[in-house]
Amino acid sequence: GSFKLSYYNEYKSYLSSMLGGDDCKVLVKFVDTKGEVAGSQLELPRNANLAQLQVVVNALLESEEKYQFHINEFEITESLGRTLDLQKDALSTEKAVEIVYEEQAVFKVRAVTRCTSTLHGHGEAIINAAFNHNGTHLATGSGDSTVRFWDLTTETPHHTCKAHRQWVLVISWHPTSLYLASGCKKGQIFYFLVVSFHFLEVSLTTQHVRR
């Protein structure tokens, strides 16, 4: 509408200096993936780049979203002119070039602002933690050289494995959640077999088995 065009006009002098003057203009119109036209047809320089197209569309839509742009399925990754050159035989010189815009798929991660739970038990810092594949159990490895399996209902250690003599640097669940492997700073790897939460501690370096 007229307000959006006025909003865009506020950018016009800024765009003119940023886009390089009046030479080599291209008549374009911006449309969404449903074919709806955003604002009026515009003349833009061929050297308009992706960031500059972003400014134009944000002004037309009064939006701060990030968009990607296509001309006949060709994505604009550098400049408007370069994308036009890739398909110059397929474009009409009598019609405005349609630039299709769509929102980028951006994953928005919400920052953690509070602690919902604290697990007490390790004597030193926890170096690594891993949930099993269905998320029902948690294992942790620590600088106190232990591997702990946690009861997530009571938030207390369900079982503590003291096979290692050095910091436990890595732990990994088997996809079946029946086994857990752990490795320590000393170079030892232990393999824990989970059977009704009884554990067999197996040192692959010494071939020693303990219950």
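Please refer to the structure placed before this passage.
Heads up: these notes are all about the structure in this document. (Residues numbered from 1 in each chain as written. Predicted model: local features only at pLDDT ≥ 70, side-chain atom pairs only at ≥ 80, totals over all residues. Heavy atoms only, no water.)

**Concerning the overall build of the chain**
Counting its secondary structure elements, the chain contains 4 helices and 14 strands. In the chain, buried positions account for 35% of the 211 residues. For the chain, contacts bridging at least 24 residues in sequence account for 43% of all contacts bridging at least 6. Entry remark: accessible area of the chain is about 13500 Å², with carbon and sulfur atoms responsible for 51%. (Helix = DSSP H or I, 4+ residues; strand = E, 2+ residues; numbered from the N terminus. Buried < 20%, exposed > 50% of the residue type's maximum accessible area, 1.4 Å probe, protein only. Contact = heavy atoms within 4.5 Å. Areas by Shrake-Rupley, 256 points an atom, 1.4 Å probe, with all protein chains shown as cover.)

**Digging into the sheet that holds strand β8 (residues 147-151)**
By way of backbone hydrogen bonds, the strands of a sheet pair with one another, either parallel or antiparallel. Pairing is antiparallel in the open sheet, where 4 strands are placed in the order β6-β7-β8-β9. Only two strands of the sheet have a single neighbouring strand rather than two, namely β6 (126-131) and β9 (156-161). Strand after strand, the sheet turns through a mean of 25° between neighbouring axes, direction not considered. Bridge count for β6 against strand β7 (residues 138-142) is 5 bridges, and the pairing is antiparallel. Counterpart to Phe-131 in the pairing with β7 is Leu-138. (Pairing = 2+ DSSP bridges. Axes fitted to C-alpha atoms, helices over the stretch in contact; angles between N-to-C directions.)

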